[in-house]
Amino acid sequence: MTDQTPSAPITQDVLTIPRKLPETGRTNIVGLTRPQLQEALIAAGTPERQARMRVGQVWQWVYHWGVRDFAAMTNLAKDYRALLAEHFEIVLPEIVTRQISQDGTRKYLVRIAGGHEVEVVYIPEEGRGTLCISSQVGCTLTCSFCHTGTQKLVRNLTPAEIVGQLMLARDDLGEWPVQGAPKDETRLVSNIVLMGMGEPLYNFENVRDAMKVVMDGEGLSLSRRRITLSTSGVVPEIARTAQEIGCLLAVSFHATTDEVRDRLVPINKRWNIATLLEALRDYPRLTNSERITFEYVMLDGVNDTDADARRLVKLIQGIPAKINLIPFNEWPGAPYRRSSPERIRAFADIIYKAGYASPIRTPRGEDIMAACGQLKSATERGRKTRAQIEAEAS
Ligand code: SF4
């Protein structure tokens, strides 16, 4: 492993645009970690000796009951509710469009501060419901099989905008508990995957803080084992993911030679397959019950030969792993075609016989362009010039 600093990645100029805060002057509670909320409550006039208790109360209202109006927080004194309303707000990204696929998949186009838009996808399955959330507007990287990769990075999402995606999906699914109603343990959103738009490890701190809020047992309480973060291979941040987030890890692997991976996942030019696998072997939370998921998009005539399958098995030897085979989901102008079903099955057989679970991912929501690698926010369609971006940032 050569260079440790995750500095400018394999793409042109990248600008992280500061978030244009809504001009209310109030602080959005959503996305603040407990220490940050405590600090903000004290700064707003909460007596220090009460602050910890107040954090607990507000936290429950916002993240357990899904309340958005301070006046409804009935276990708080009226004047304290007034203080909260004066200094704080509870703001989620705004749903611009909501599409429901014939297979039940839901895709939300949501607007965030600055008028930017990102996509969020909900995939209902038997006994579970997965929410695929975004971490950037556009992406830092340019993976050639990915629709998002054709969209320049506009900016990183804030913790509020990441947590907000889960909360707005719960609103849409009507999943907040009702006071006084019998306790219902079923979760419509039972799992989160950070596989939407963007490379989450190039927005590490915001993703970490957001997941801390999501995993907190007093509120949204999604267990860390129900959260999977997918990276294209930002090696220096991989171990940190285990230490500071603790969620499950998936890797956008997609090729078995550096020559092919350089083309499909250009970050490979910075940290190649050998360097990436070394970091995965050292992943602090690696166990048989917490395997790393290797994502492998099946591209016709590019990475789908029997030799590729055998090489893949050899490369990951010794790593507790499962392999997700993703039939390529085409998008307008895509330079690739999906491998044939027979080719995908033959590939899966080789891996399966080598002892790896190799589920073939069923494309979901294709009719609404919600399948893996199809996300792109129409409003940000064209790549912007630096001048345009700087004009917007100023
Ligand atoms: S696959 Fe992920 S990292 Fe690569 S361009 Fe798409 S969103 Fe970005």
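As the structure is a computational prediction, the values presented were derived from the model and not from experiment.

Novice: Can you lay out the packing of helix α4 (residues 159–173) against helix α5 (residues 204–215) for me, pointing to particular residues and giving the numbers?
Specialist: Here α4 crosses α5 at 40°, and the two axes come no closer than 8 Å. Classified by the angle their axes make, α4 and α5 are oblique. Seen along the crossing, α4 lies across α5 with a hand that is right-handed. Contact residues: α4 offers P159, I162, V163 and L166, while α5 offers N206, V207, D209, A210, M211, V213 and V214. Tallied by class, the residues present in the contact of α4 with α5 amount to nine nonpolar, one polar and one charged.

Novice: Talk me through the site of the ligand; I want residue IDs and the actual numbers.
Specialist: The immediate surroundings of the ligand are formed by C139, L141, C143, C146, T148, G149, G196, G198 and S232. Tallied by class, the residues present in the shell around the ligand amount to four nonpolar, five polar and no charged.

Novice: Hey, could you go over helix α10 (residues 341–353) for me, with residue numbers and the actual values?
Specialist: Here α10 spans 18 Å end to end across 13 residues, near enough to the 18 Å set by a 1.5 Å rise per residue. Listed in full, the buried residues belonging to α10 are I344, F347, A348, I350 and I351. All buried residues of α10 lie within an arc of 155° about the axis, which places them on one face of the element. Opposite the buried face of α10, by more than 90 degrees, sit the exposed residues E342, Y352 and K353. Close packing links the buried residues of α10 with β12 (292–298), α9 (306–315) and β13 (321–327).

Novice: Can you lay out the confidence of the model for the chain for me, pointing to particular residues and giving the numbers?
Specialist: When pLDDT is averaged along the chain, the result is 89, and 88% of the positions lie at 70 or above. With pLDDT under 50 throughout, residues 1–20 is counted as low confidence; its partners more than four residues away or in other chains account for 51 contacts. Between residues 381–386, whose pLDDT stays under 50, and residues either more than four places distant or in other chains, the model counts twelve contacts.

Novice: Residues and numbers for the pairing of strand β10 (residues 227–231), please.
Specialist: Counting buried positions along β10 gives five out of five residues, so the element sits mostly inside the fold. With burial as the criterion, each face of β10 is covered, one bearing I227, L229 and T231 and the other bearing T228 and S230. Judged from the three bridges that link them, strand β9 (residues 191–194) and β10 form a sheet pairing that is parallel. Bridging from a neighbouring strand, L194 pairs with L229 of β10. As a crossover connection, the stretch from β9 through α5 into β10 is right-handed. Where β10 lies against strand β11 (residues 248–252), four bridges are found, and the strand directions are parallel. If you follow T231 over to β11, its bridge partner there is V251. Running through helix α6 (residues 238–245), the crossover from β10 to the neighbouring parallel element β11 is right-handed.

Basis of the calculations
- Residues numbered from 1 in each chain as written.
- Predicted model: local features only at pLDDT ≥ 70, side-chain atom pairs only at ≥ 80, totals over all residues.
- Heavy atoms only, no water.
- Axes fitted to C-alpha atoms, helices over the stretch in contact; angles between N-to-C directions.
- Helix = DSSP H or I, 4+ residues; strand = E, 2+ residues; numbered from the N terminus.
- Parallel < 35°, antiparallel > 145°, perpendicular 65-115°, else oblique.
- Left-handed = near helix turned anticlockwise from the far one by under 90°.
- Contact = heavy atoms within 4.5 Å.
- Nonpolar A, V, L, I, M, F, W, Y, C, P; charged D, E, K, R; others polar.
- Near = heavy atom within 4 Å.
- Expected span 1.5 Å × (residues − 1).
- Buried < 20%, exposed > 50% of the residue type's maximum accessible area, 1.4 Å probe, protein only.
- Arc of directions from axis to C-beta.
- pLDDT = per-residue confidence, 0-100.
- Pairing = 2+ DSSP bridges.
- Right-handed = clockwise from strand over helix to strand, strands pointing away.

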